[in-house]
Amino acid sequence: GVLEKSLQENVKTCKLLMVGAGGIGCELLKNLVLTGFTEIELIDLDTIDVSNLNRQFLFRKEHVGKSKAQVAKESAQKFNPNANIVANHSNIFNPEFGLDYFSQFQLVLNALDNNAARNHVNRMCLAADVPLIESGTAGYLGQVTVIKKGLTECFECQPKPAQKTFPGCTIRNTPSEPIHCVVWAKHLFNQLFGENDPDEDVSPDTEDPELTADAGQTALTTDAKKDSVGGIERKSTRVWALETDYDAEKIFNKLFRDDIKYLLCMETLWKKRRPPQPLDFNNLPGKGENINTSVMRDQRLWSVQECSDVFSQCLSALKQDLAARGDDAMLVWDKDDHHAMDFVTCVADIRAHIFGIPLKSRFDIKSMAGNIIPAIATTNAIISGLIVIEALKILAGNISKCKQIYLNKFPNDRKRLLVPCVLESPNPKCYVCSAKPECTVVLNTTKVTVRTFQDKILKGHLNMIAPDVEIDDGKGTIIISSEEGETEENNDKFLSDFAIINNTRLKCDDFRQNYCLNITVAHVEKLDAEKEFEVVGDMSEFHPKEDGDQKSDKDHTNGTEPSSSKGKVKDDDADDLIILEDGDTAVTETASPVPTGSRKRPAKTTDDQDGTQKKKKKLLDAGDTNDIIEIS
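Residues numbered from 1 in each chain as written. Predicted model: local features only at pLDDT ≥ 70, side-chain atom pairs only at ≥ 80, totals over all residues. Heavy atoms only, no water.

As recorded by an unreviewed UniProt entry, the protein carries the name SUMO-activating enzyme subunit and is attributed to Arion vulgaris. Under the Sequence similarities (unreviewed entry) heading, UniProt states for the protein: "Belongs to the ubiquitin-activating E1 family." (UniProt positions renumbered as here; feature names shortened; annotations may be inferred.)

(A) Layout of the UniProt feature "binding site: Zn(2+)" (unreviewed entry) in the protein. The positions UniProt marks with the feature "binding site: Zn(2+)" (unreviewed entry) are Cys154, Cys157, Cys430 and Cys433. For the residues just named, distributed over 280 residues, the greatest C-alpha separation is only 8.5 Å, placing them together at one site. Topologically, Cys157 is positioned in the loop between β6 (141–147) and α6 (168–172). Setting aside anything within four residues of it in sequence, one finds Cys157 in contact with Pro426, Asn427, Cys430 and Cys433. A relative accessible area of 22% places Cys433 in the partly exposed class. (Helix = DSSP H or I, 4+ residues; strand = E, 2+ residues; numbered from the N terminus. Contact = heavy atoms within 4.5 Å. Buried < 20%, exposed > 50% of the residue type's maximum accessible area, 1.4 Å probe, protein only.)

(B) Inspection of the sheet that holds strand β7 (residues 404–407) at higher detail. Strands sit in the order β3-β2-β1-β4-β5-β6-β7-β8 across an open sheet of eight strands; the sheet is mixed. Bordering the open sheet on either side are β3 (84–88) and β8 (418–421), each of which pairs with just one other strand. With direction set aside, neighbouring strand axes in the sheet form an average angle of 15°. Relative to strand β5 (residues 132–138), strand β4 (residues 107–110) is paired through two bridges, and the arrangement is parallel. Following the sheet pairing, Val108 is matched in β5 by Leu132. Contacts from helix α2 (residues 23–35) reach β1 (15–19), β2 (39–43), β3, β4 and β5, with the element oriented near 160° to β1. Each of β1, β4, β5 and β6 touches helix α5 (residues 115–128); the most contacted strand, β5, lies at about 165° to it. (Pairing = 2+ DSSP bridges. Axes fitted to C-alpha atoms, helices over the stretch in contact; angles between N-to-C directions.)

(C) Geometry of the environment of Phe410. Of note, Phe410 is situated in the loop between β7 and β8. Sequence separation of Phe410 and Tyr140 is 270 residues, and the distance between their C-alpha atoms is 8.9 Å. Excluding anything up to four places from it in sequence, Phe410 contacts Arg416 and Leu417.

(D) Representation of the sheet that holds strand β14 (residues 533–536) within the structure. Pairing is mixed in the open sheet, where six strands are placed in the order β11-β10-β12-β13-β9-β14. Either end of the sheet is taken by a strand with one partner, and the two such strands are β11 (477–480) and β14. With strand direction ignored, the average angle separating the axes of adjacent strands in the sheet is 30°. Here strand β10 (residues 467–471) pairs with β11 via three bridges, running antiparallel. Paired with Val469 across the two strands is Ile480, which belongs to β11.

(E) Geometry of the pattern of salt bridges. Scanning the entire structure with this criterion turns up 21 salt bridges. A salt bridge links Asp280 to Arg257; the shortest N-O distance between them is 2.9 Å. Pair noted here: Asp280 is in the loop between α10 (248–264) and α11 (304–324) and Arg257 is in helix α10, with a separation of 23 residues, a long-range link. The exposure class assigned to Arg257 is partly exposed, which follows from its relative accessible area of 23%. Salt bridges sharing partners connect three or more residues here, namely Arg297, Asp298, Asp342 and Arg362. (Salt bridge = Lys/Arg side-chain N within 4 Å of Asp/Glu carboxyl O.)

(F) Structural view of helix α13 (residues 362–369). With six of its eight residues buried, α13 lies for the most part within the structure. Contacts from the buried residues of α13 go to α7 (178–193) and α12 (338–354). Where α13 ends, the next residue or the one after it, Asn371, has phi of about 55°, a positive value.

(G) View of the packing of α12 against α13. Direction vectors running N to C along α12 and α13 enclose 100°, while the axes themselves pass 10 Å from each other. Judged by the inter-axis angle, α12 sits roughly perpendicular to α13. Contacts between α12 and α13 pair His338, Met341, Asp342, Val344, Thr345, Ala348 and Asp349 from the former with Arg362, Ile365, Lys366 and Ala369 from the latter. In terms of residue class, the contact of α12 with α13 is built from five nonpolar, two polar and four charged. (Parallel < 35°, antiparallel > 145°, perpendicular 65-115°, else oblique. Nonpolar A, V, L, I, M, F, W, Y, C, P; charged D, E, K, R; others polar.)

(H) Main features of the packing of aromatic side chains. All chains considered together, the criterion is met by 14 aromatic pairs. Ring geometry for Trp184 versus Phe256: centroids 6.0 Å apart, planes at 55°, classification tilted. Here Phe256 lies in helix α10 and Trp184 lies in helix α7, a separation of 72 residues in the sequence. Both residues of the pair, Trp184 and Phe256, belong to the buried class. Ring geometry for Phe311 against Phe343: centres 6.0 Å apart, planes inclined by 25°, an arrangement best described as stacked. With Phe311 in helix α11 and Phe343 in helix α12, this pair connects stretches of sequence that are 32 residues apart. Residue classification places Phe311 among the buried residues on the basis of a relative accessible area of 0%. Between the NZ or CZ atom of Arg351 and the centre of the ring of Trp184, over which it lies, the distance is 4.2 Å. (Phe/Tyr/Trp six-rings, centres within 6.5 Å; stacked < 30°, edge-to-face > 60°. Lys NZ or Arg CZ within 6 Å of the ring centre and 35° of its normal.)

(I) Examining the pairing of β5 more closely. With seven of its seven residues buried, β5 lies for the most part within the structure. In this fold, the crossover linking β4 to β5 by way of α5 has right-handed handedness. When β5 meets β6, the two strands line up antiparallel, connected through seven bridges. Across the sheet, Ile133 pairs through a bridge with Val146, a residue of β6. Hairpin remark: β5 followed by β6, antiparallel, with two residues in the connecting loop; positive phi at Gly139, about 65°. (Right-handed = clockwise from strand over helix to strand, strands pointing away.)

Next comes the structure, spelled out in structure tokens:
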């Protein structure tokens, strides 16, 4: 009796797709079945972890380790046994979820926790011309928006804020914040057990720009080693650790005693800083102290001795895990893996102690390492309710009445926590949803390889899945093919090897996303701040700094998409969150972006702000706020 009869029928027959069964997803699925939706398909690749149980209420202790999608289906059907729910424990990027798959739905609802999946679903819904309702939460903050091809902005219409990065020399030589130690600890995990990335080296950086010209004198006066690159013999951390059989004492003393003593020799670094204090495995603070068992293990601070004990246990467990996977195997750090998380916690706190940085609890380090803003169940409940309200507007034929709705931490001047805004029109320069998607990539064609162009630019920055690239030269020269092995011999060649120069046009096609993009290459000899490339709408948006404006090397961070991941904190493990540019929380700078870009929340937009700010959202008049719940 709440909904009009025609809307009731639309709800009953609507076939919708829900992507994600986590914090928002659990609440959303429950709301959908209780509203009367009966044809629901659900996709989620994740399994249930014990940490999910405090807010994902479709799951219970006995479900830990099982598929989120399957258990969510079974639990939701208890609310409405008539609901026909299809659960897919699968990856949304799989080829089976292509254009034909998305085209069968009337609505798609996102309840995702990572930006890559949001980008992909956005493109699939644009290709299939299916309305998408996007959402996200970050602690007490949240938002819901509707995306419809040709009517509203898409998820990628506005640039996303850059991820927080740190100079490599800060991470390796002069950490000053807990996050620096956490990043270093994750790098060490990869050096010992994961993918070996030279840019994640944990050894002291002798090329620190703060050092004098004499810093590398020892290396210069040492006899060159024969049969070695550049006369310098290098041994990876992994190889050395294997040779020691992952001996905890040897690794500890190397990392936290010998390397620290080496850093102390770089006297220039410590003229205005507190010098680090080396530690010895057999003589650590906290030895013999009793552990406070009245506080949960995750919540209390561990002593240095306890960190050392955990370090030894983790090395042993992770070594066995690595060995069990066979030769050339590697481990991938996961915040929900007990030993991996313990390893990063103890290593980060040991390093923090050495540099006089406040120690953090396992809970706090997990939040930093996994980019998690702790989720709040009531925020998820509010946002999931708003998703359903917007869905009902669409099914009632009132998509023009849909709003972008923000949930604030504190009431605004009108005493409202929920702030509705009009939906923005599509960005005519969007390289995803415009009529003729195109962009300019600024780079040095003599230094960027085809592999880098494919992995870092097309897949990494432009979010393609299976790109094909053809030079628009009238010859149809293909430099990248989505067919495995077809153009593999091109990978290590430079773009200039294919006569790609300034103003060369490239036709890029991703058949998996039904997406075509024309790229104009803009050749420059050098970009600012170690950037390897920059993506802009056109060259009028490219504003390189003059040499005199450059920051010193010690201060800069990597550019739009760095050539390495020096200290980069990734967002793949974020938990149902978005970034809202207001400084409400210190962690938001490493969170996922807001669904419609990087605009500030309207509650923060006032008439007396700088006129150069981004265009303001149109706030509804006080009388219009009831439109949030208007469905007819």
